[in-house]
Amino acid sequence: MTDPVVGSPRRAGWWLRGLFGIIGLAALILGYVGFESLLATRPDTVHDRFDVLYYDLQLFVLGAEPFQDSGPYPWQLQVARFAAPLFTLLAVAEAGRLLLAAESRRLRARRARGHVLVCGDSRFAHMLADRLFADGERVVVVRSVPFGPLEYRRRRYLGVIGDPTSAEVLRGAGLPRAHTIYACGDDDDRNHAIANTASRLIRDGRQPPRVYVLVNDSEMCLSLQARRLGAAGSSRLRLDYFHVDDIAARALYRHHPLAGTADRPTRLLIAGTGGFRRALLTETARHWRTCRAQAPAGVVLPPLRVDLVAPDASTEREAVTSRYPFMGTVCELTAYDGDLDGVALGRLGSGRYDRIYVCAPEESSGLQFVLDSPGLWQGVESCVFVPVYRQAALAAAFHGDSRHDLLDEVHGKLRLYPVLTRACDARLIGDDLTERLARLIHERYLDARRRAGLSPGDTPAMVEWSRLPESLRRANRAHVQDIAAKLLNLGCVVAPRRGGTGDVSAGEAIDDRIEVLARLEHERWCRERRGEGWAYGESRDDVQQRHPSLRPWDELPSDVQERNREEIRALPEVLSDSGFELIRLVPGVPAPRRGPADVG
């Protein structure tokens with residue numbers, strides 16, 4: 001969707017303008033007829049038809065010379081003498097509204113509250129703003145290219161013209177009162193400048209807005225996310241970086257989930273070297289892991305079989321499995337070095353694929369290849385996906401509703417996937433790294449408590465993330481944001497995984513500092529709980545907000561202390577799920593160890 005939904009207020013405006021036009025036309029016609037009648041009955045007042053036309057036009061400027069004399073006047077003229085000035089007043093009011101529209105929008109934007117701020121001149125920024133507006137958000141757009149008059153009419157959200165990196169411009173767009181800010185221009189450095197300015201403008205004493213920064217290089221995006229994890233504890237800003245491929249890949253399986261069966265393995269083919277390939281591989285594995293976890297009791301889905309076909313297929317397989325170790329547990333990834341035409345089609349006869357993805361570096365050539373390859377259509381159970389960036393309109397031509405399908409989908413075998421359109425999903429952008437890590441920490445907590453004998457629903461925390469109370473979600477997010485403090489204590493940093501088993505010394509640092517870090521984590525949890533109004537109690541009471549673990553570390557039972565230690569030991573595994581690893585830079589301060597002199 002690239003245009004906002006047209007609502008009833010806009011239709012009412014067109015009807016009102018049409019009514020004004022009818023009033024003006026009726027006044028003109030009735031005035032002419034009335035003066036014609038006056039010419040026939042009082043030739044000393046109206047001399048000829050030129051006078052008729054002149055006096056008729058004078059009605060619209062609040063007067064005409066014949067009215068200087070006493071009546072009576074024809075009824076047509078009586079109606080016109082009131083209708084014409086009314087039309088004039090309405091026209092003046094509409095002209096004033098149009099002339100002052102930009103200033104009015106500027107003032108409304110400056111006073112906006114609880115809105116979404118979209119900064120940038122890129123196509124993605126325009127599409128995202130339209131999508132947010134269609135979803136019911138109040139949207140303020142900041143861009144350097146002026147809005148045209150017709151664009152103001154078509155896009156009914158507020159607009160501010162100026163440099164989106166300027167503090168004055170962002171203040172004029174109501175940034176201090178916005179709840180979410182998107183920096184999504186084509187220039188990464190300008191996007192970073194917007195985030196820097198937003199950080200300076202955020203006021204203390206209020207819930208800080210979320211800031212999402214578009215990064216146009218996927219590897220740089222992951223590296224910046226790692227750096228943000230190391231700094232999240234030092235800033236009040238909820239900041240994350242995103243890449244359109246990552247968002248669109250997550251959206252793909254929400255719109256087109258895989259349907260696995262236990263009696264045979266599900267087979268996929270991913271071909272090409274396009275930029276969407278890495279994100280697709282990663283999200284395919286995550287989606288299948290979720291499918292296996294949510295399978296009905298007694299149903300075990302086999303590993304997903306993925307054939308990767310590209311000139312650099314072996315290199316890509318090594319890179320992606322090294323960065324995301326979980327892929328080896330849910331996928332059987334087979335690499336074929338070569339192009340699709342030379343390798344994949346020759347193997348289709350040995351078994352049909354459930355789905356094929358063609359990720360060509362040039363989307364037009366990839367689409368042309370799929371359109372000209374009937375063997376692909378014959379060798380797939382469901383359909384062949386072609387990700388496109390610049391051809392969203394062509395995708396709509398293929399996949400409109402039943403009345404507006406302009407092109408044949410090859411019996412449903414062909415599907416163009418519009419990456420930018422699907423990436424304009426505020427819910428998926430908002431499901432940022434902090435949220436995903438918090439959700440993963442909660443899932444690990446559920447697994448550990450189930451192994452300890454608890455059942456779902458035994459406590460408020462023993463539920464899935466979607467049903468978890470917001471206070472407990474905030475607690476998990478606070479745990480993620482405290483990773484920066486733990487890294488500092490360990491002398492470690494987070495970095496994208498590059499393969500191997502990681503930095504062994506980082507694991508040693510955790511072992512050396514496990515007691516100190518577990519104690520610090522417990523103290524952080526106590527502060528966070530007390531801030532929510534909880535207090536110590538002999539037994540847990542969620543109504544009265546009492547918890548038996550809200551006491552000093554040394555007074556905790558050994559099993560509760562061990563749970564805190566397990567949370568610290570799990571840190572490398574939690575980070576590895578998102579493609580990160582711990583790197584030790586400086587020796588951590590060793591925890592004090594008890595020696596013989598301390599005993600007794």
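Going by the structure above, here's the rest.
Bear in mind that the values here come from a model prediction, so they are computed numbers and not experimental data.

Draft legend 1. Representation of the overall build of the protein in the model. Secondary structure summary: the protein contains 25 helices and 16 strands in total. Looking at the protein as a whole, 48% of its 600 residues are labelled buried. Put simply, of all contacts in the protein between residues at least 6 apart along the chain, 72% involve residues at least 24 apart.

Draft legend 2. Broad picture of the sheet that holds strand S2 (residues 139–143). As summarised here, the arrangement of the 6 strands in space is S3-S2-S1-S4-S5-S6, forming an open sheet in which the pairing is parallel. Where the open sheet ends on each side, the last strands, each with one partner, are strand S3 (158–161) and strand S6 (238–242). Put simply, the sheet's adjacent strands are angled 15° from each other on average, direction ignored. Pairing analysis gives 5 bridges linking strand S5 (residues 210–214) to S6, with the strands arranged parallel. The residue bridging Val 213 from the neighbouring strand is Tyr 241, located in S6.

Draft legend 3. Looking closely at the environment of Leu 59. When you line up the elements, Leu 59 lands in the loop between helix H2 (49–58) and helix H3 (75–99). You can call Leu 59 buried: its relative accessible area is 3%. C-alpha separation for the pair Leu 59 and Leu 28, spaced 31 residues apart in sequence, amounts to 8.4 Å.

Draft legend 4. Structural view of a nonpolar patch on the surface. A cluster of nonpolar side chains, Leu 25, Leu 28, Ile 29, Tyr 32, Val 33, Leu 53 and Leu 57, forms an exposed patch at the surface whose accessible area comes to about 590 Å². Of all the secondary-structure elements, those providing two or more residues to the nonpolar patch are helix H1 (8–41) and H2. Considering every element that reaches the nonpolar patch, the biggest residue donor is H1, with 5 residues. Here Leu 28 lies in helix H1.

Draft legend 5. Local environment of the packing of aromatic side chains. Here the structure, examined in full by the defined rule, presents 5 aromatic pairs. Between Phe 124 and Phe 242, the ring centres sit 6.1 Å apart and the planes meet at 50°, which makes this aromatic pair tilted. Pair noted here: Phe 124 is in helix H5 (residues 123–134) and Phe 242 is in strand S6, with a separation of 118 residues, a long-range link. Its relative accessible area of 4% is what places Phe 242 among the buried residues. Taking the centre distance of 6.2 Å and the plane angle of 40° together, the rings of Phe 276 and Tyr 417 count as tilted.

Draft legend 6. Just the sheet that holds strand S11 (residues 380–388), in detail. Spatial ordering of the open sheet is given by S9-S8-S7-S10-S11-S12, a layout of 6 strands whose pairing is parallel. Strands with a single pairing partner mark the edges of an open sheet, and in this sheet they are strand S9 (331–337) and strand S12 (414–418). For this sheet, the mean inter-axis angle between neighbouring strands, taken without regard to orientation, is 20°. As defined by bridge partners, strand S8 (residues 304–310) adjoins S9 across 7 bridges and the pair is classed as parallel. What sits directly across from Val 309, in S9, is Tyr 336. The strands touched by helix H12 (residues 313–323) within the sheet are S8 and S9, with S9 carrying the most contacts at an inclination of about 150°.

Draft legend 7. Summary view of the layout of surface pockets. Approximately 1,100 Å³ is the volume found for the second largest pocket. Residue lining of the second largest pocket: 40 residues in total, with Tyr 445, Arg 449, Trp 525, Arg 563 and Glu 567 positioned closest to the centre. Those elements that provide at least two residues to the lining of the second largest pocket are helix H20 (433–451), helix H21 (470–481), helix H22 (483–490), helix H23 (504–531), helix H24 (558–569) and helix H25 (571–576). Among the residues making up the lining of the second largest pocket, the classes are represented as 18 nonpolar, 8 polar and 14 charged.

Draft legend 8. The arrangement of the nonpolar core in detail. Core analysis: the largest hydrophobic core is formed by 91 residues, its most contacted members being Val 118, Phe 124, Tyr 182, Phe 276, Tyr 357 and Leu 575. What Val 118 contacts, discounting residues up to four positions off in sequence, is Ala 125, Ala 129, Leu 132, Val 139, Val 140, Val 141, Val 142, Tyr 182 and Cys 184. Listed in part, the 28 residues of the second largest apolar core include Ala 178, Ile 181, Val 213 and Tyr 241.

Draft legend 9. Spatial organisation of the environment of Pro 387. With respect to the helices and strands, the residue Pro 387 is situated in strand S11. Put simply, Pro 387 and Leu 420 are 33 residues apart on the chain and 9.7 Å apart in space, counted from C-alpha to C-alpha.

Draft legend 10. A look at H22. Listing the buried residues of H22 in full gives Ile 483, Ala 484, Lys 486, Leu 487 and Leu 490. Along the axis of H22, the buried residues cluster in a sector spanning 160°; they form a single face. Note on H22: the residue one or two positions beyond its end, Gly 491, has a positive phi of about 75°.

Draft legend 11. Spatial organisation of the side chain of Asp 577. Relative to the helices and strands, Asp 577 resides in the loop between H25 and strand S16 (580–584). Asp 577 gets classed as buried once you look at its relative accessible area, which sits at 12%. Excluding residues that lie within four positions of it along the chain, Asp 577 makes contacts with Arg 286, Arg 289, Tyr 324, Phe 326 and Leu 440.

Draft legend 12. Structural context of the pairing of S8. The buried fraction of S8 amounts to 6 of the 7 residues, a majority that puts the element mostly inside the structure. Here strand S7 (residues 267–271) runs beside S8; their pairing, made up of 5 bridges, is parallel. Within S8, the position partnered with Leu 268 by the bridge is Val 306. With helix H11 (residues 276–293) bridging S7 and its parallel neighbour S8, the resulting β-α-β unit is right-handed.

Draft legend 13. Quick look at the pattern of salt bridges. Counted according to the given criterion, the structure contains 38 salt bridges. Measuring nitrogen to oxygen at the nearest pair gives 3.3 Å for the salt bridge that ties Asp 554 to Arg 519. Pair noted here: Asp 554 is in the loop between strand S15 (546–547) and H24 and Arg 519 is in helix H23, with a separation of 35 residues, a long-range link. You can call Asp 554 exposed: its relative accessible area is 60%. Arg 524 serves as the salt-bridge partner of Glu 521, at 2.7 Å between the closest nitrogen and oxygen.

Draft legend 14. Looking closely at unusual backbone geometry. In this structure, Val 410 is a non-glycine residue whose phi angle is positive, near 55°. Taking the relative accessible area as the measure of exposure, Val 410 reaches 16% and is therefore buried. Residue Gln 545 is not a glycine yet carries a positive backbone phi of 60°. Here Gln 545 shows up in the loop between strand S14 (535–536) and S15. Residue Gln 545 is classed as partly exposed on the basis of its relative accessible area, which comes to 27%.

The rules behind these values
Residues numbered from 1 in each chain as written. Predicted model: local features only at pLDDT ≥ 70, side-chain atom pairs only at ≥ 80, totals over all residues. Heavy atoms only, no water. Helix = DSSP H or I, 4+ residues; strand = E, 2+ residues; numbered from the N terminus. Buried < 20%, exposed > 50% of the residue type's maximum accessible area, 1.4 Å probe, protein only. Contact = heavy atoms within 4.5 Å. Pairing = 2+ DSSP bridges. Axes fitted to C-alpha atoms, helices over the stretch in contact; angles between N-to-C directions. Patch = residues over 30% accessible without salt bridge, like charges linked within 9 Å, V, L, I, M, F, W, Y side chains within 5 Å. Areas by Shrake-Rupley, 256 points an atom, 1.4 Å probe, with all protein chains shown as cover. Salt bridge = Lys/Arg side-chain N within 4 Å of Asp/Glu carboxyl O. Phe/Tyr/Trp six-rings, centres within 6.5 Å; stacked < 30°, edge-to-face > 60°. 1 Å grid on protein atoms, 1.4 Å probe; cavity = no way out; pocket = protein on both sides within 12 Å on 5 of 7 lines; lining within 4 Å. Points joined across faces, edges and corners; volume = space filled by probe spheres on them. Nonpolar A, V, L, I, M, F, W, Y, C, P; charged D, E, K, R; others polar. Core = buried A, V, L, I, M, F, W, Y, C linked by side-chain atoms within 4.5 Å. Arc of directions from axis to C-beta. Right-handed = clockwise from strand over helix to strand, strands pointing away.

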